[in-house]
Amino acid sequence: MPSIRELYLQHVAQTSEIPMMLEISHAEGMYIYTKDGKKYLDLNSGISVSSLGHRHPNVIKAVKDQLDKHLHTMVYGEHIHTPQVTFAQLLSKHLDNGLDSVYYLNSGTEAVEGAMKLARKYTGRYKIVACSNAYHGSTLGSESLRSDDSFTRSFLPGIPGVYHIDFNDENQLDWIDEDTACIILEPVQAEAGVYPPQQDYLKKVRQRCKEVGALMVLDEIQTGFGRTGFLFAHKKYDVEPDILLIAKSMGGGMPVSAFVAPKEIMMAFAKKPMLGHITTFGGHPACVAAAHATLKTLVEGDIYQDVLRKEQLFHSKLKHPIIKEVRSSGLMMAVELTRRKYLKHVVNYTIENGALIDYFLFNSTSFRLAPPLIISDEEIEKGCTILLAAMEYAVSKYKKN
Ligand SMILES: Cc1ncc(COP(=O)(O)O)c(C=O)c1O
C-alpha cells in the first residue's frame, strides 16, 4: 500500500520539487501538529492567514451555525445572504473615504482582477501602474503586475497596459497620468521582503491620483486585519484608497476575499452592460460568516492593539552577528541575513526544531516572520531562541576546522 505521502506526490499537484511535506494532523491556536507526532510553533500563519490563530472558537462557531442554515444557494449578487450583509456593514463602519460597498470573491488574486476591471470600467481608461517587486496573485491579470520576468516569462504575453514604477520613489509618480485607470500597490511591500512606505510616499501617491483622476487601489491582502498593528495598514500610514483589496486573514482560515469601493464606483459593474463582474462561489455564506466572526473578534477585542509591543519584543530578541537588519510593520517581519548562503540553513534548522518560518518570493537573503497575532510573550521568546540557535547552526556550517 502506498503511503499518504507517496500518494500526495503522485496525485496532488506540486508547485516545487522540494515541497515541505508536513503531514498535518490538526492545528489549534499557535500550533500545528503533524501525523508523526511533532508540534510546530507557527511563526508564519500560512502566509498571514491565521492571524487569530488556528481554529479560533468564534470562527468555528460561526461556520458551524451557518452550516446548519444553508450553504450555496445562487450565483453571486442575486440572493440576500445575511452573513454578507452583516460583514459588509461592520467593515464599512471601520473604513472611510466612502468605502461602503463590498464585492466578495474567493481568493486574493480574484480581488485584484475585479479591482482592475472596475478601475478600467469606471474611469474608461486602460493604463494600470504597479510597483516593482510586488506580488498580487497568480492569475494572468495579477501575474501581469509582477515586474520580475524570470517568473512571468513563461506565461507572456500578460495583459496590455501595465507599467511598473519603483515603490518608494516619488520621482516616478509621473507615470500615473491622465490615461491611468489605477495604480495598484501594497501599503507595505510584502514579498519584496517587508518594505514599509517611506515618509509620506503613500500620501504623494494619493495626491498624484487625485490630480490626474486615477484610482488608488491598495492591496491589503497581507497587511489587513491587524497585521501591522492597525486594523488596516492604510490607517497606520494615514491614507485612504479608492479601492481596498482584502483576503488571507479575512476569513479566519476560510477562503474569502473582497474588493471594497464606494457604492458610486462599484455601480459601474451594474450598468452598461450589467453583470460587469460575476462569480458563482464568491462570498460563500460559510466563509463570510467566518469573516464576520474574525472582524468582530478583532474590533471588539484587544488582539491587534498589542501587535506593536510584540513587534518590539521580537526586535529586542533578534540580535545576532549574521542578522543584517530586521524590517517590520507590526507582526509582518523580514529578518535579513548578512549572507545569502546562511538562509536555507536557518530556515531548515528552525523547521526541524519545531517552528515554522518561510522564504519570500523576491528576497533571497531574508526570511519571513508573520506569526498569528495572538502569539504570547513566552512563545515569542521560544521562537526567537530557536531562530538564534538556527543562526549559530548556519554559521557552524561554514566554520573552518
Ligand atoms: C499582497 C498580496 N496580494 C495578492 C495575493 C494573492 O492572494 P491569493 O493567493 O489568495 O490569490 C497575495 C498572496 O500571497 C499577496 O500577498
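Residues numbered from 1 in each chain as written. Predicted model: local features only at pLDDT ≥ 70, side-chain atom pairs only at ≥ 80, totals over all residues.

Engineer: Summarise the site of the ligand; cite the residues concerned and give the values.
Structural biologist: Taken together, 14 residues sit near the ligand, with Ser107, Gly108, Thr109, Gly137 and Ile221 positioned nearest. The greatest single-element share of the shell around the ligand, amounting to 3 residues, is contributed by helix H5 (residues 108-123). Looking at the shell around the ligand, its residues break down into 6 nonpolar, 6 polar and 2 charged. (Near = placed C-beta within 6 Å. Helix = DSSP H or I, 4+ residues; strand = E, 2+ residues; numbered from the N terminus. Nonpolar A, V, L, I, M, F, W, Y, C, P; charged D, E, K, R; others polar.)

Engineer: I'd like a rundown of unusual backbone geometry, residues and numbers included.
Structural biologist: Between leucine 156 and the following residue, proline 157, the backbone shows a cis peptide bond with an omega angle of 0°. Considering the arrangement of structural elements, one finds proline 157 in the loop between helix H7 (149-152) and strand E6 (162-165). Backbone torsion omega between lysine 272 and proline 273 reads -10°, so that peptide bond is classified as cis. Mapped onto the elements, proline 273 comes out in the loop between helix H10 (263-266) and helix H11 (285-300). One non-glycine residue, serine 48, lies in positive phi territory at about 65°. On the secondary structure map, serine 48 appears in helix H2 (residues 45-48). Taking the C-beta count within 10 Å as the criterion, serine 48 has 23 such neighbours and is therefore assigned buried. (Buried ≥ 20, exposed ≤ 12 C-beta atoms within 10 Å, placed from the backbone.)

Engineer: Can you break down the sheet that holds strand E5 (residues 127-131) residue by residue, with the values?
Structural biologist: The mixed open sheet is built from 7 strands, whose spatial order is E4-E10-E9-E8-E7-E5-E6. Edge positions in the open sheet fall to strand E4 (101-105) and E6, since each of these has one partner strand only. Sheet twist, expressed as the average angle between the axes of neighbouring strands with direction ignored, equals 20°. As defined by bridge partners, strand E9 (residues 243-246) adjoins strand E10 (residues 257-261) across 3 bridges and the pair is classed as antiparallel. (Pairing = 2+ DSSP bridges. Axes fitted to C-alpha atoms, helices over the stretch in contact; angles between N-to-C directions.)

Engineer: Describe helix H4 (residues 82-93), naming the residues involved and giving the relevant values.
Structural biologist: Because each turn of an α-helix spans 3.6 residues, side chains separated by three or four positions end up pointing in the same direction. Between its first and last C-alpha atoms H4 spans 17 Å; for 12 residues at 1.5 Å apiece the expected length is 16 Å, and the two agree. Within H4 the residues assigned to the buried category are Pro83, Gln84, Phe87, Ala88 and Leu91. Each buried residue of H4 sits inside an arc of 120° when the element is viewed along its axis, so together they form one side. In H4, the exposed residues that point more than 90 degrees away from the buried face are Gln89 and Lys93. Residues of H4 that are buried make contact with helix H3 (57-67), E4, E10 and H11. (Expected span 1.5 Å × (residues − 1). Arc of directions from axis to C-beta. Contact = placed C-beta atoms within 7 Å.)

Engineer: How would you explain the packing of H3 against H11 if you had to name every residue and give the values?
Structural biologist: One can describe the packing of H3 onto H11 by two numbers: an axis separation of 8 Å at closest approach and a directional angle of 150°. Here H11 runs roughly antiparallel to H3, going by the angle between their axes. Both H3 and H11 take part in a crossing whose hand is right-handed. Every residue of H11 that contacts H3 at Asn58, Val59, Ala62, Val63, Asp65, Gln66 and Leu67 is listed here: Pro285, Ala286, Ala289, Ala290, His292, Ala293, Thr294 and Thr297. Across the contact of H3 with H11, the residue classes tally to 9 nonpolar, 5 polar and 1 charged. (Parallel < 35°, antiparallel > 145°, perpendicular 65-115°, else oblique. Left-handed = near helix turned anticlockwise from the far one by under 90°.)

Engineer: I'd like a rundown of the sheet that holds strand E14 (residues 358-359), residues and numbers included.
Structural biologist: Ordered in space as E11-E12-E15-E14, the 4 strands form an open sheet in which the pairing is antiparallel. Both edges of this open sheet fall to strand E11 (323-329) and E14, since each of them pairs with a single strand only. Direction of pairing for strand E12 (residues 332-337) relative to strand E15 (residues 366-369): antiparallel, over a ladder of 4 bridges. In the sheet register, methionine 333 faces E15, and the bridge partner there is leucine 369. The sheet contacts of helix H13 (residues 343-352) involve E12, E14 and E15, and relative to E15 the element is tilted by about 30°.

Engineer: Give me the environment of serine 249: which residues, what numbers.
Structural biologist: Looking at the element boundaries, serine 249 is found in the loop between E9 and E10. Sequence-distant contacts of serine 249, defined by excluding residues within four places in its chain, comprise Ser48, Val49, Ser51, Gly224, Phe225 and Arg227.

Engineer: Describe the pairing of E4, listing the residues and the values that go with them.
Structural biologist: Summarising burial for E4: 4 of the 5 residues are buried, a large majority. Relative to E10, E4 runs antiparallel, the two sharing 5 bridges. What sits directly across from tyrosine 104, in E10, is alanine 258.

Engineer: Describe the domain arrangement of the chain, listing the residues and the values that go with them.
Structural biologist: The domain boundaries assigned to the chain delineate domain 1 (4-55 + 303-397) and domain 2 (57-300). One C-alpha centre belongs to domain 1, the other to domain 2; they are set 26 Å apart. On the domain 2 side, the residues contacting the 27 residues of domain 1 number 29 residues. Those elements that provide at least two residues to the side of domain 1 that touches domain 2 are helix H12 (307-317), E11 and E12. With 4 residues, the top contributor of residues to the side of domain 1 that touches domain 2 is E12. Residues that form the side of domain 1 that touches domain 2 fall into these classes: 14 nonpolar, 9 polar and 4 charged. (Domains from an automatic or database assignment.)

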